[in-house]
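A structural walkthrough
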Amino acid sequence: IDCSAIGELLKQGSTIRQELQISPDAPLVLNIARFRIRKGQDYLLRAMALVAQEIPEVRCILVGHGPELERLKNLTKELKLEQHVFFLVSRSDLPNFFNGSDLFVNSHIVHVQVVWRQTAVREREAGSSLPVGAAAALGSHLNRGRTVDW
């Protein structure tokens, strides 16, 4: 892997917060995946509902496409997360999203892997796994703005 290419992408900055009118201070969670049942974005949305109770300014971007898109949008409405969650159909400017977010969540029906941006970028660590049910802990640590070993 040519890590210098990754470093160059990270230097480019991001316009995604401005594009979506998200405050620079708001914690921003990112998920990029196909919208399928096995990807478990519904778990992420349920976790976001808990996190948003503790951190009202938190925002989440889900980038992708797939057969579950409408169901996930309906769940977002049911959970009253319309002001917190953005759905974007597949985009080609993915570095823009990574550079503008604080946290990448790779959800799957079995687990949710959380990669803390500052850990992955600054310390070059791979990230940590977080059980799906640990949404309250996720919110607590987002609120403190620090990384955690799980």
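Preceding this paragraph is the structure being described.
What you are looking at is a predicted structure, and each value in this text was computed from that prediction instead of being measured.

Quick notes on the rules
Residues numbered from 1 in each chain as written. Predicted model: local features only at pLDDT ≥ 70, side-chain atom pairs only at ≥ 80, totals over all residues. Heavy atoms only, no water. Core = buried A, V, L, I, M, F, W, Y, C linked by side-chain atoms within 4.5 Å. Buried < 20%, exposed > 50% of the residue type's maximum accessible area, 1.4 Å probe, protein only. Helix = DSSP H or I, 4+ residues; strand = E, 2+ residues; numbered from the N terminus. Phe/Tyr/Trp six-rings, centres within 6.5 Å; stacked < 30°, edge-to-face > 60°. Pairing = 2+ DSSP bridges. Right-handed = clockwise from strand over helix to strand, strands pointing away.

In this section: the nonpolar core. One finds V29 and F87 to be the most contacted residues of the largest nonpolar core, which totals 20 residues. For this core, the secondary-structure elements that each account for two or more residues are α3 (41-54), β2 (59-64), α4 (69-78), β3 (85-89) and β4 (103-107). Here the element with the most residues in this core is α3; it accounts for six residues. Ranked by size, the runner-up nonpolar core spans eleven residues in total, among them L20, I22, L28 and L30.

Applying the stated rule across the entire model yields two aromatic pairs. Each ring, one from F35 and one from F87, has its centre 6.0 Å from the other, and the planes form 75°; the classification is edge-to-face. Of this pair, F35 sits in the loop between β1 (28-32) and α3 while F87 is found in strand β3, placing the two residues 52 residues apart along the sequence. Comparing F35 with F87 shows no difference in burial state: the two are buried. Judged by centre distance (5.3 Å) and plane angle (45°), the rings of F98 and F104 are tilted.

Time to look at the pairing of β2. Burial of β2 is extensive: five of the six residues sit out of reach of the surface. Examined bridge by bridge, β1 and β2 share five bridges and lie parallel to one another. Within the sheet, the bridge partner assigned to N31 lies in β2 and is L62. Following the backbone out of β1, through α3 and into the adjacent parallel β2, one traces a crossover that is right-handed. Relative to β3, β2 runs parallel, the two being bridged by five bridges.

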